[in-house]
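Descriptive analysis of the structure
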Amino acid sequence: MKKLLSIATIVAVVLGMAGCKKDSDFLNVQPTTFLTTDQVFSDPNLALTVLADLYNRQEDISSLDGNSNDPGWRSFADFSESFPSENGSSYIVQRTGWPYSQWSIDWSTAYTYIREVNLFLERDSASTQLADADRKRFYAEGRFLRAMYYFELVKRYGGVPLILHSLTLPSKDITTIQFARARESDIYDFVIGEAEAIKGDLPADPATKSRASRAAAVAMECRAALYAASIAKYGATTPAVSLPGGEVGIPASKANDYYTRALNAAKEIIAGTDGTYGLYNNGGNLSDNYANLFIDKASAESIYFEDFKTGGKVHSFTTNDQPYSLSDEGGDAGRLDPSLNLVEQYEKLDNTFAPLATVDGTNNPIYYTNLQDIFAGRDARLAGTVLLPDGLYKGKKVDIWAGYVLGDGSIVTSDEAGHTKALPGTTTPVQVVGTDGPVNGLELRTQSGFYIRKYIDPAVGSGRRGQGSTVAFIRYRYAEVLLNAAEASFELGHPDDAATYMNQVRARAGLTTPLAASDITFDRIVHERRIELAFEGHILFDMKRWRLAHKVWDGTPTSVTDIKTNLGVAGTHSTQPWGLWPYKVYNPGDPTTNGKWIFRETRPALATGYNKFLFGNYYSQISNDAIAANPKLIRQPNQ
Amino acid sequence: MKPSIYLFGVLALAAVAGCKKDNYPAPGDMLTGHLLYKTDTIQVERNQVPFQIYQYGFGKVGPVSSTFSQDGTLSAVLFDGTYKIIVPNGQGPFMWKQTAGGNPDTVNVTLKGNQNIDLQVTPYYMIRNANITISGSTASATCKLEKIITDANAKDVERVSLYINKDQFVSGGDNIAKKDLAAADITDMNNISLSVAVPTMTPTQNYVYARIGLKIAGLEDMIFSPLQKISF
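About the criteria used
As a convention, each chain's residues are numbered from 1 in the sequence order in which they are written. Written order determines the labels here, with chains lettered from A and ligands numbered from 1. Reporting in this predicted model follows two pLDDT cut-offs: at least 70 for local features of residues, and 80 or more for side-chain atom pairs to be given and counted; totals over whole chains, interfaces and linings ignore these cut-offs and use all residues. Domain limits in this description derive from either an automatic procedure or a database domain assignment. Placing C-beta atoms from the backbone, we regard two residues as in contact once those atoms come within 7 Å. All amino acids are sorted into three groups, where Ala, Val, Leu, Ile, Met, Phe, Trp, Tyr, Cys and Pro are nonpolar, Asp, Glu, Lys and Arg are charged, and the leftover types, Gly among them, are polar. Two strands are counted as paired when DSSP detects at least two bridges linking them. A run of H or I in DSSP becomes a helix once it reaches four residues, and a run of E becomes a strand once it reaches two; helices and strands are each numbered from the N terminus. The score called pLDDT rates the predictor's confidence residue by residue, from a low of 0 to a high of 100. Here a helix's expected span is defined as the number of its residues, less one, multiplied by 1.5 Å. Three exposure classes are used, based on other C-beta atoms lying within 10 Å of a residue's own C-beta, which is placed from the backbone: buried for 20 or more, exposed for 12 or fewer, and partly exposed in between. Working note: the arc is built from the helix axis to C-beta atom directions. Under this scheme, a helix contributes an axis fitted over its contacting stretch, all axes are lines through C-alpha atoms, and angles between N-to-C directions fall in the 0 to 180 degree range. Roughly parallel means an angle under 35 degrees; roughly antiparallel means over 145; roughly perpendicular covers 65 to 115; every other angle is labelled oblique.

Attention now moves to the domain arrangement of chain B. Residue and element names in this part refer to chain B. For chain B, the domain assignment lists domain 1 (29-122) and domain 2 (125-231). Between the C-alpha centres of domain 1 and domain 2 there is a distance of 26 Å. Contacts between the two partners involve 15 residues from domain 1 and, on the opposite side, 15 residues from domain 2. Partitioned by chemical class, the residues of the side of domain 1 that touches domain 2 number six nonpolar, six polar and three charged.

Here it is, written out as structure tokens:
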């Protein structure tokens, strides 16, 4: 009984003490599973993690890691600049156009991101515990990311609602948070204005590449101003692609102002005000040097990139695109095959254009002793961007050849890469087709006769699925700034300056004979960007802003004559990817040709579609759902 | 064994009831129509000229989008109801009526059962008297261009093209041979002639389909002459 009493007393005392706590204290328990806003914005490392998440979710049209719908390699695979050697992706070369919704960013994904950046900015500026320097830098970085995102939106949609603070759902009138589209020029002005406003708060440090730096902001400003300028100038050629309210289209009168801004921004970077940047020029083989620029993360050429790291975020670009015969991972290789359309565009070292010589004047094949002879004397960027037949990867040669051609012109090959067969008149089976193809329809080997080299990681194991590659995706680099400067100078009537800027980029590629001011034409500008910036996510937006897209992708099939003529001419149509297939001559009766190589232009059998770019494709569709939810959004033109 | 019979009965009832509850009958009204200029059908390229059907009164509004077939016909299977049809701005080789605000004017359709509608539009040009013949291995075509819109909205000819194909889809994208005649080379709009070599076809066939197309400057959709099947 006593025992029971004492237990009861203890319980009562304990309960009583607990009960003495104030209700507010008792209920106010710090959560143990997440950090509060105040906690996060009291510590620079924690605030940086919020920023890191925003950095990680930036949008790129092409990216090495891609997303679940579009793996990295495939985001580079369109526009007839390459052939997709994966059966599930043949649709890219079999469709006859793009839906209006192509290249859009999901509307709610986009504005969720904008909202989160706005919240970040509001919380950062309200923070009292962060050191001033930290807070200012974070603030500038947030504004940089927001401007970058609006730039991505305006490239796709034209004018979009410009939301610069976080919105709260109103209890009654939903129309107070429905915003109309800003004018296209307003968004470009915003991007340019933000860059100018924040550049002073960002470090002018060339070693800062994966976070915003002063040069990154100015490079963004430079590109945005150039885009706006060319839309103003060349938009006049497609009056159908505009809206009366200016949501799409920029008045031609603004072109010169934008070109001047682009040029000034470029000059700022070139002058070294934003840190010391320069072209990657480490000597040695020029093609290797060009390829290494994309591998070497310490290069002084890259200004801003998406970084990858072992143990953190890696990508499978190398896994997907390495040469099949030298693959680290059986069954994963060769998906992205550059097309002959692109390869033919590389100049000879005397600055002239000539198709790769496959036949002579009387249409007889030209015989080459070595596979690479046909590519001799070309722009070094060819072998730096494209892995040619007999090209080296990790010190070994790729094995690209399509079969034997006999004296009578007939072909001995196989439908399986690397197969052996006995040649006519012999009994010993020999290999009759390269282990890397090309064989029509045989995925993961090249079907165009080329592999991609840009961004392919030579590091051991980088092609393994489990390991992945850590090569960075460069968003802004110095060579583009030079080309921007060249374009802006040319458009402002200073072709001499344009030549000076462009010649620097060309000299690095072995084109050491400088172009004179009189050589600089619009065609030259377009061509130089296509070559220098191939497979870096520029071609779509460049063709759009010059209003060339509907001419280049005009919905008519591409013939071999189309591929070999009008080289270097802007707006030449290119709607289907072609390949160049090497054949080995087997003709023991004729020692002059036996064992030599001939080449045939071949359109991969799977490439049955043709690209057709409609006026309605210039600006991606704003989804019907978004318009239904916000009737103030007006529809894109021609949709 | 009786309970299992009841069970079957219950299940059968549930199954029957279930079918009724969450399934709607499929739309059954066939809406068909033609793009017409007076009494002539407007011929276009397949899958290129879109039309949009709107229905109001059900919350969010979005269009049902589809395209005219190459002979200028439309078809859609819909429920009974009231619909509005438009052709979006800038589409088609013709002018679709616009409201004062510059938006496409709607054609109202009250649908109850199958219905055929004619969509009257004003083309910029019509291709008249198209005549395509084959002699030897050359296809020759003659035609006349009639300029319909001559006011401030008038547009120039960019080129006239002759297309031939193995099957009945004939256009800039679907062809085995084509011949372009640029506007600069047209001397007489009333008397245009074009010819193109008919390539060898595998497997061989002794007929081709052909159409003459007209590209109008500043518009992306071409207008065509009626499809002709030519045997040789």
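There's more to say after this.
Residues and elements named next belong to chain B. As paired elements, strand β3 (residues 50-54) and strand β4 (residues 64-67) share four bridges and run antiparallel to each other. Each residue of the ladder has a partner; that of Gln-52, found in β4, is Ser-65. As defined by bridge partners, β3 adjoins strand β6 (residues 81-86) across three bridges and the pair is classed as antiparallel. In the sheet register, Gln-52 faces β6, and the bridge partner there is Ile-86.

Taken in spatial order, the four strands of this open sheet run β8-β7-β13-β14 (chain A), and their pairing is mixed. Only two strands of the sheet have a single partner each, and these edge strands are β8 (411-412) and β14 (597-602) of chain A.

Residues and elements named next belong to chain B. Per-residue pLDDT for chain B has a mean of 87; in total, 91% of the residues score no lower than 70. Across chain B, the element-wise mean pLDDT spans from 63 in helix α1 (residues 2-22) up to 94 in strand β17 (residues 223-224). Among the scores for the predicted complex, ipTM is 0.81 and pTM is 0.90.

The interface is formed by 16 residues belonging to chain A together with 13 residues belonging to chain B. Grouping the amino acids of the side of chain A that touches chain B by side-chain chemistry returns eight nonpolar, seven polar and one charged.

Residues and elements named next belong to chain A. When the terminal C-alpha atoms of helix α6 (residues 107-126) are compared, their 28 Å separation across 20 residues agrees well with the 28 Å that a helix rising 1.5 Å per residue should span. Within α6, the full set of buried residues consists of Ala-110, Tyr-113, Ile-114, Val-117, Phe-120, Leu-121 and Asp-124. Seen end-on, α6 carries its buried residues on one side only, within an arc spanning 120°. Those residues of α6 that are exposed and aimed more than 90 degrees away from the buried face are Thr-112 and Ala-126. Elements in contact with the buried residues of α6: α4 (44-56) and α7 (132-157).

A few words on the packing of helix α15 (residues 478-491) of chain A against helix α17 (residues 522-532) of chain A. Residue and element names in this part refer to chain A. Following both chains from N to C, one finds α15 and α17 inclined at 170°, their axes separated by 10 Å at the closest point. Taken together, the axis directions place α15 and α17 in an arrangement best described as roughly antiparallel. Residues Ala-479, Leu-483, Ala-486, Glu-487 and Phe-490 of α15 lie in contact with α17, whose contacting residues are Ile-525, Glu-528, Arg-529 and Glu-532. Taken together, the residues that form the contact of α15 with α17 break down as five nonpolar, no polar and four charged.

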